[in-house]
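# Inside the fold
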Amino acid sequence: LLRIFAAGDVDAFNDCLGKNKDEYLKQPALRAKAPFVKEKIALLAFMNLVFETPAHQRAISFQAIASRARLDLDHVEWLAMRAMALGLVKGVIDEVAQVVEVSWVQPRVLDAGQISHLIEQIDTLSSKSLKAHGLIAEQTAELL
């Protein structure tokens, strides 16, 4: 259950809950805080979506957020506002365009898969930087 939460995997959470509903309901703390638990998994799903999205493409549609967090479209704005209010993300919500532009996401402990994803993003950034350097050097050879 902890790994499911860390991954923000709503589908795996629902599967786990479905398979272990009796045990889940036997826990008074979980039963009493069921709405809070669902909110938390949705927030983590949103945070992971932001983490997996390249920084230059962080204008995330309400539809993408709704799909990842398994929410109705009319609940996405509330989720984004809640994440911002809790300091989990920083950004701007454009209700008209139905887009959340995220500029920052709260750092967290990363698992091996997330570290691999981060390494891929850094490698991509590095290759783009080298390509830009090459273009600048080519265009301004007399200055260098």
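Quick notes on the rules
Residues numbered from 1 in each chain as written. Predicted model: local features only at pLDDT ≥ 70, side-chain atom pairs only at ≥ 80, totals over all residues. Heavy atoms only, no water. Helix = DSSP H or I, 4+ residues; strand = E, 2+ residues; numbered from the N terminus. Rg over C-alpha atoms; globule rule 2.2 N^0.38 Å. Buried < 20%, exposed > 50% of the residue type's maximum accessible area, 1.4 Å probe, protein only. Contact = heavy atoms within 4.5 Å. Areas by Shrake-Rupley, 256 points an atom, 1.4 Å probe, with all protein chains shown as cover. Lys, Arg positive; Asp, Glu negative; His and termini not counted. Charge placed at Lys NZ, Arg CZ, Asp CG, Glu CD. Pairing = 2+ DSSP bridges. Axes fitted to C-alpha atoms, helices over the stretch in contact; angles between N-to-C directions. Core = buried A, V, L, I, M, F, W, Y, C linked by side-chain atoms within 4.5 Å.

### A word on the overall build of the protein
- Regarding its fold elements, the protein presents 8 helices and 3 strands.
- Helices (α) and strands (β) of the protein occur, in sequence order from the N terminus, as α-α-α-α-α-β-α-α-β-β-α.
- Since a compact globule built from 144 residues should have a radius of gyration of about 15 Å, the 20 Å found for the protein marks it as more spread out than a globular shape.
- Over its C-alpha atoms, taken along the principal directions, the protein stretches across nearly 75 × 35 × 20 Å.
- Residue burial in the protein is summarised as follows: out of 144 residues, 26% are buried.
- Sequence-distant contacts in the protein: of pairs separated by 6 or more residues, those separated by 24 or more amount to 53%.
- Just so you have it, the protein exposes about 9,600 Å², and 60% of that area is on carbon and sulfur atoms.
- For the protein, the distance from the average site of its 16 positive side-chain charges to the average site of its 18 negative ones is 9 Å.

### Section: the sheet that holds strand β3 (residues 99–105)
- Spatially, the 3 strands line up as an open sheet ordered β1-β3-β2, and their pairing is antiparallel. With one partner strand each, in any of the chains shown, β1 (59–61) and β2 (89–94) form the two edges of the open sheet. Across the sheet, the mean angle from the axis of one strand to that of its neighbour is 30°, orientation sign disregarded.
- Note that β2 and β3 share 6 bridges and pair antiparallel. Of the residues in β3, the one forming a bridge with aspartate 94 is valine 99.

### Considerations on the nonpolar core
- Residues Phe13, Phe46, Ile65, Leu79 and Val100 are the most contacted members of the largest nonpolar core, which totals 30 residues.
- Breaking this core down by element, the ones donating at least two residues are α1 (2–7), α2 (10–19), α5 (34–52), α6 (62–69), α7 (76–85) and β3.
- Among the elements that take part in this core, α5 stands out by supplying 10 residues, more than any other.
- With sequence-adjacent residues up to four places away left out, valine 100 is seen in contact with Phe46, Arg58, Ala59, Ile60, Phe62, Ile65, Ala80, Met84, Val92 and Ile93.

### Some words on unusual backbone geometry
- One non-glycine residue with positive phi stands out, namely arginine 70, at about 55°.
- Looking at the secondary structure, you find arginine 70 in the loop between α6 and α7.
- Its identity as a non-glycine residue notwithstanding, glutamine 98 has a phi of 55°, on the positive side.

### Focus: the environment of valine 37
- Here valine 37 is to be found in helix α5.
- Residue valine 37 is classed as buried on the basis of its relative accessible area of 9%.
- Sequence separation of valine 37 and valine 99 is 62 residues, and the distance between their C-alpha atoms is 25 Å.

### Considering the side chain of threonine 53
- With respect to the helices and strands, threonine 53 occurs in the loop between α5 and β1.
- Of the residues examined, threonine 53 reaches a relative accessible area of 12% and is grouped as buried.
- With near-sequence residues (within four places) excluded, threonine 53 lies in contact with Arg58, Ile60 and Gln121.

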